[in-house]
Number of protein chains: 2
Amino acid sequence: MSIKIGLLGYGNLSRGVEAAISQNPDCELTAVFTRRDPASVKIASKDVPVYSDAELPKFKDQIDVLILGGGSATDLPVQTPKYAEMFNVVDSFDTHARIPEHYANVDQAAKAGKKIGVISVGWDPGMFSLLRMISTAVLPEGENYTFWGKGVSQGHSDAIRRIEGVKDARQYTVPVESSVEKVRNGENPELSTREKHTRECFVVAEEGADRSRIEKEIKEMPNYFSDYDTTVTFISEEELKEQHAGLPHGGFVLRSGVTGLEKEHQHIIEYRLKLDSNPEFTGSVLLAYARAAYRMYQEGNCGCKTVFDIAPAYLSPLSGEELRKTML
Amino acid sequence: MSIKIGLLGYGNLSRGVEAAISQNPDCELTAVFTRRDPASVKIASKDVPVYSDAELPKFKDQIDVLILGGGSATDLPVQTPKYAEMFNVVDSFDTHARIPEHYANVDQAAKAGKKIGVISVGWDPGMFSLLRMISTAVLPEGENYTFWGKGVSQGHSDAIRRIEGVKDARQYTVPVESSVEKVRNGENPELSTREKHTRECFVVAEEGADRSRIEKEIKEMPNYFSDYDTTVTFISEEELKEQHAGLPHGGFVLRSGVTGLEKEHQHIIEYRLKLDSNPEFTGSVLLAYARAAYRMYQEGNCGCKTVFDIAPAYLSPLSGEELRKTML
């Protein structure tokens, strides 16, 4: 009996989950739900139906876990609590400041429906959070460092696209390697925003647009670019398509801590991700947590959960016995 | 109300736990128990008593978690099941092939006593196991690689010391950097034993001993050295004391996996430890899992647990709310 997965939305992240389902024989894609006209949504999986999201309540007994592919700005704050009352749900909510509020809303709904709602799953928040948390528990005296990249930031790419005269753009966040090395060497540096990451922008300008004005507007944009060493390279539309079509990402979480009665010993814990496809990796993490949600629900558990609340064994299709034999 | 920790044994690992307790204000060291004459055991913590292990049953209500500092060969197979019936216990059992048997024994005892018994805690088994397991659940199609070092292997150092004419020795296990790089680059190499690690031996010979025979005996020793590129360097006793007194260790766990409907995207997950003191880091991990054992016991849970069965939040002194706010 496989775990029946429903997908709400069919953007990059949902397609990542769909691909992950094809690699996990204990899971199957039951249906995709969309706010668009279902007839207009063509999905990769054969023989899997697409329905309007208005149909979702009818699937209450046919879907084990609903994975939400929506965005954190407007979709998830509404969708996750709404559907957590009907389904076990998993989302990738990543608006840090609003997590306590989102947790409370999802917890209330999930408890009312006796379901499991897993929020903020992915790699950051998600895997990186897990590593920060465990490493800090193990080495309570120390510093955490998180570096992102090299990878495409959708938010920064969008910000560039909103500038007048810009046809398309791709922005890469790049960790400053010399700063990462300092942390690795146990120097515990205090790092400014500028010292942690650089930003590389590849921009397609409209014909006749003032490139030096575009470059200036990018580099001076507050919050997004002004605090960083930013490079702007103008390229052709073809070049953007050929060389910057992917969505790679990744990064590092490091903890540098001390032990010993005299705090004389230093330890460095480093977790690193190098991802060819951000949405496919994130989708793979979401699916593993969907498995966990389903199992915890089957045990009678309910309420909102984060990566901190879920015993790792729930993520794996292997039994406890197999895990101890092959992974311990 | 702090968590009352008892320590059985007072070797390197127990001293590592003792140092960790000094960094965790929610834990306190209640007593150390020894098989030796208690009067002969001087411990670092002031005002903490040392008792004979025969006294342990009397402390049933005064100790929340007993951490076992003994070895996997003969101590833990007996001690962990024995004491799991009386106490919540944590051990670092690392004889891979005997884990299923050890798990079964500890599970039976802990359930009989309604206690929690956490086994095989440390960094490998322990943190490395956790990373292998989670990474495999997230990327089910791929390869796992584990490299150890650079670090001191006590077992290999002991093996050299048993050779005639050897006064003292220190053996370092060193990962082959070019092989680690191949894995990092996603080449998925098939690596022989020799291609994964080299072994560096620093040997103090007895006066007049035949050094070339010693070197030959080391390099040809089956299981320990014959499958590796091994270097032997003879040094003086003073040099060994001055330059090789520490117990550093560490290593890498890597998972290389693919995603995508055509398996067209590759991902590398890397977890790396660089430890100045193997026993102090291991002791710190044991203490975090002692906290988890205590909390799970308080919730009415019982039986044998491994790192796979324990929700990460139990490891931290912070509340769920604080964790979500600061670590997610």
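None of the values given here were measured: they were computed from a predicted structure.

Novice: In this structure, what is going on with the overall build of chain A? I would like to understand it.
Specialist: A tally of regular secondary structure across chain A gives eleven helices and 14 strands. A globule of 328 residues ought to have a C-alpha radius of gyration of about 20 Å, and chain A, at 22 Å, matches this closely. Its C-alpha atoms give chain A principal-axis dimensions of roughly 65 × 60 × 35 Å. When each of the 328 residues of chain A is scored for burial, the buried share is 58%. In chain A, the proportion of contacts linking residues at least 24 apart, taken out of those at least 6 apart, comes to 67%. For chain A, the exposed area adds up to about 13,700 Å²; of that, 46% sits on carbon and sulfur atoms. Averaging the positions of the 38 positive and the 48 negative side-chain charges in chain A gives two centres separated by 3 Å.

Novice: What is the right way to look at the relation of the copies chain A and chain B in this model?
Specialist: Superposition of the two copies of the chain requires a rotation about an axis and a shift along the axis. Taken as rigid bodies, chain A and chain B are interconverted by a rotation of 180° and an axial shift of 0.0 Å, the fit giving an RMSD of 0.0 Å. With respect to symmetry, the two chain copies, as superposed, fit the operation of a two-fold axis. Looking at the rotation axis and the C-alpha trace of chain A, the residue lying nearest is Ala-311 of chain A, at 1.9 Å. Mapped onto chain B, 100% of the interface residues of chain A are again interface residues, and the two copies thus contact each other with one and the same surface.

Novice: What is the right way to read the side chain of Ser-135 of chain B from this model?
Specialist: All names here are of chain B. As for its position among the elements, Ser-135 is in helix α4 (residues 127-138). A residue is classified by how much of its surface remains accessible, and Ser-135, at 5% relative accessible area, is buried. A polar atom in the side chain of Ser-135 sits 2.7 Å from the backbone oxygen of Leu-131. Among residues more than four places away in sequence, those in contact with Ser-135 are Arg-255 and Ile-269.

Novice: What's the story with the interface of chain A and chain B in this structure? I'm lost.
Specialist: Counting residues at the interface gives 67 residues for chain A and 67 residues for chain B. Around 6,000 Å² of area is buried between chain A and chain B when both sides are counted, 64% of it from carbon and sulfur atoms. Joining chain A to chain B, the criterion identifies zero salt bridges. Counting across the interface, chain A meets chain B through 32 residue pairs in polar contact (both at pLDDT 80 or more). Among the secondary structure elements, those contributing two or more residues to the side of chain A that touches chain B are α3 (99-113), α4 (127-138), β12 (249-259), β13 (265-275), α10 (278-298) and α11 (320-326) of chain A. Take the side of chain A that touches chain B: its biggest share by element is eleven residues, from β13 of chain A. Taken together, the residues that form the side of chain A that touches chain B break down as 34 nonpolar, 18 polar and 15 charged.

Novice: Honestly, the packing of helix α2 (residues 75-84) of chain B against helix α3 (residues 99-113) of chain B in this entry has me stumped. Any pointers?
Specialist: To characterise two packed helices, one gives the angle between the axes of the helices and the distance between these axes. Residues and elements named next belong to chain B. The interhelical angle for the contact between α2 and α3, taken along N-to-C directions, is 20°, at an axis separation of 7 Å. By the criterion of interaxial angle, the relationship of α2 to α3 is roughly parallel. The chirality of how α2 crosses α3 is right-handed. Residues Leu-76, Pro-77, Thr-80, Pro-81 and Ala-84 of α2 touch α3, and the partners they reach there are His-102, Asn-105, Val-106, Ala-109 and Ala-110. The residue inventory of the contact of α2 with α3, partitioned by class, reads seven nonpolar, three polar and no charged.

Novice: Teacher, can you tell me more about the nonpolar core here?
Specialist: Nonpolar side chains tend toward joint burial in soluble globular proteins. In terms of nonpolar packing, the biggest core is built from 158 residues, with Tyr-289 of chain A together with Tyr-289 of chain B touching the most fellow members. Leaving out residues up to four positions away in the same chain, Tyr-289 of chain A has contacts with Val-90, Val-118, Val-121, Met-127, Leu-130, Val-307, Ile-310 and Leu-315 of chain A.

Novice: How should empty space enclosed by the protein be read in this particular structure?
Specialist: The gaps of empty space that remain are located by a probe, the size of a water molecule, rolled over the atoms. In total, this model carries two cavities of 30 Å³ or more according to the counting rule given. Its boundaries defined by the atoms lining it, the largest cavity holds a volume of some 40 Å³. Every residue along the wall of the largest cavity is listed here: Pro-77, Phe-93, Arg-98, Glu-101, His-102 and Asn-105 of chain B. Residue composition of the lining of the largest cavity, by class: two nonpolar, two polar and two charged. Looking at the second largest cavity, its volume works out to about 30 Å³. Looking at the second largest cavity, the residues that line it are Met-127, Leu-130, Leu-131 and Tyr-271 of chain A together with Leu-131, Ile-134 and Ser-135 of chain B. For the lining of the second largest cavity, the secondary-structure elements that each account for two or more residues are α4 of chain A together with α4 of chain B.

Novice: Even after reading the chapter, I still don't get the sheet that holds strand β11 (residues 229-234) of chain A, so can you show me in this structure?
Specialist: Adjacent strands of a sheet pair through backbone hydrogen bonds, lying either parallel or antiparallel. All names here are of chain A. If you walk across this open sheet you meet the four strands as β8-β9-β10-β11, and the pairing is mixed. In this open sheet, the two strands that pair with only one neighbour each are β8 (151-152) and β11. Sheet analysis places β8 next to strand β9 (residues 166-175), joined by two bridges and oriented antiparallel. Bridge assignment links Gly-151 to a residue of β9, and that residue is Thr-173. The sheet contacts of helix α8 (residues 211-219) involve β9, β10 (197-205) and β11, and relative to β11 the element is tilted by about 150°.

Novice: Looking at this structure, how should I read the packing of aromatic side chains?
Specialist: Given two aromatic rings, one states the distance between the centres and the angle between the planes to describe the pair. Evaluated as defined, the whole model comprises 14 aromatic pairs over all chains. With a centroid separation of 4.8 Å and 45° between ring planes, the pair formed by Tyr-51 of chain A and Phe-59 of chain A is classed as tilted. Judged by centre distance (5.8 Å) and plane angle (80°), the rings of Tyr-172 of chain B and Phe-202 of chain B are edge-to-face. Note that Tyr-172 of chain B is positioned in strand β9 (residues 166-175) and Phe-202 of chain B in strand β10 (residues 197-205), a separation of 30 residues in sequence. One exposure class covers both Tyr-172 of chain B and Phe-202 of chain B, and it is buried. A connected cluster of aromatic rings, assembled from ring pairs, spans Phe-33, Tyr-51 and Phe-59 of chain A. Here Arg-199 of chain A stacks its cationic end above the ring of Tyr-228 of chain A, 4.1 Å away from the centre of that ring. Arg-324 of chain A extends its terminal NZ or CZ atom over the ring of Tyr-103 of chain B, reaching a point 3.4 Å from the ring centre.

Novice: Explain helix α6 (residues 177-184) of chain B to me, please; I cannot follow it from the model alone.
Specialist: Counting along an α-helix, one turn takes 3.6 residues, and residues three or four places apart therefore face a common direction. Ser-179, Val-180, Val-183 and Arg-184 of chain B are the residues of α6 of chain B that are buried. Down the axis of α6 of chain B, the sector holding all buried residues measures 145°, keeping them to one side. On its buried face, α6 of chain B is in contact with β13 of chain A together with β7 (142-148), β9, α7 (193-196), β12 (249-259) and β13 (265-275) of chain B. Looking one or two places after α6 of chain B, you find Gly-186 of chain B, whose phi comes out positive at around 80°.

Parameters at a glance
Residues numbered from 1 in each chain as written. Chains lettered and ligands numbered in written order. Predicted model: local features only at pLDDT ≥ 70, side-chain atom pairs only at ≥ 80, totals over all residues. Heavy atoms only, no water. Helix = DSSP H or I, 4+ residues; strand = E, 2+ residues; numbered from the N terminus. Rg over C-alpha atoms; globule rule 2.2 N^0.38 Å. Buried < 20%, exposed > 50% of the residue type's maximum accessible area, 1.4 Å probe, protein only. Contact = heavy atoms within 4.5 Å. Areas by Shrake-Rupley, 256 points an atom, 1.4 Å probe, with all protein chains shown as cover. Lys, Arg positive; Asp, Glu negative; His and termini not counted. Charge placed at Lys NZ, Arg CZ, Asp CG, Glu CD. Least-squares fit on C-alpha atoms with pLDDT ≥ 70 in both. Polar contact = N/O pair within 3.5 Å; in protein donor to acceptor, adjacent residues only side chain to side chain. Buried area = accessible area lost by both parts, 1.4 Å probe. Salt bridge = Lys/Arg side-chain N within 4 Å of Asp/Glu carboxyl O. Nonpolar A, V, L, I, M, F, W, Y, C, P; charged D, E, K, R; others polar. Axes fitted to C-alpha atoms, helices over the stretch in contact; angles between N-to-C directions. Parallel < 35°, antiparallel > 145°, perpendicular 65-115°, else oblique. Left-handed = near helix turned anticlockwise from the far one by under 90°. Core = buried A, V, L, I, M, F, W, Y, C linked by side-chain atoms within 4.5 Å. 1 Å grid on protein atoms, 1.4 Å probe; cavity = no way out; pocket = protein on both sides within 12 Å on 5 of 7 lines; lining within 4 Å. Points joined across faces, edges and corners; volume = space filled by probe spheres on them. Pairing = 2+ DSSP bridges. Phe/Tyr/Trp six-rings, centres within 6.5 Å; stacked < 30°, edge-to-face > 60°. Lys NZ or Arg CZ within 6 Å of the ring centre and 35° of its normal. Arc of directions from axis to C-beta.

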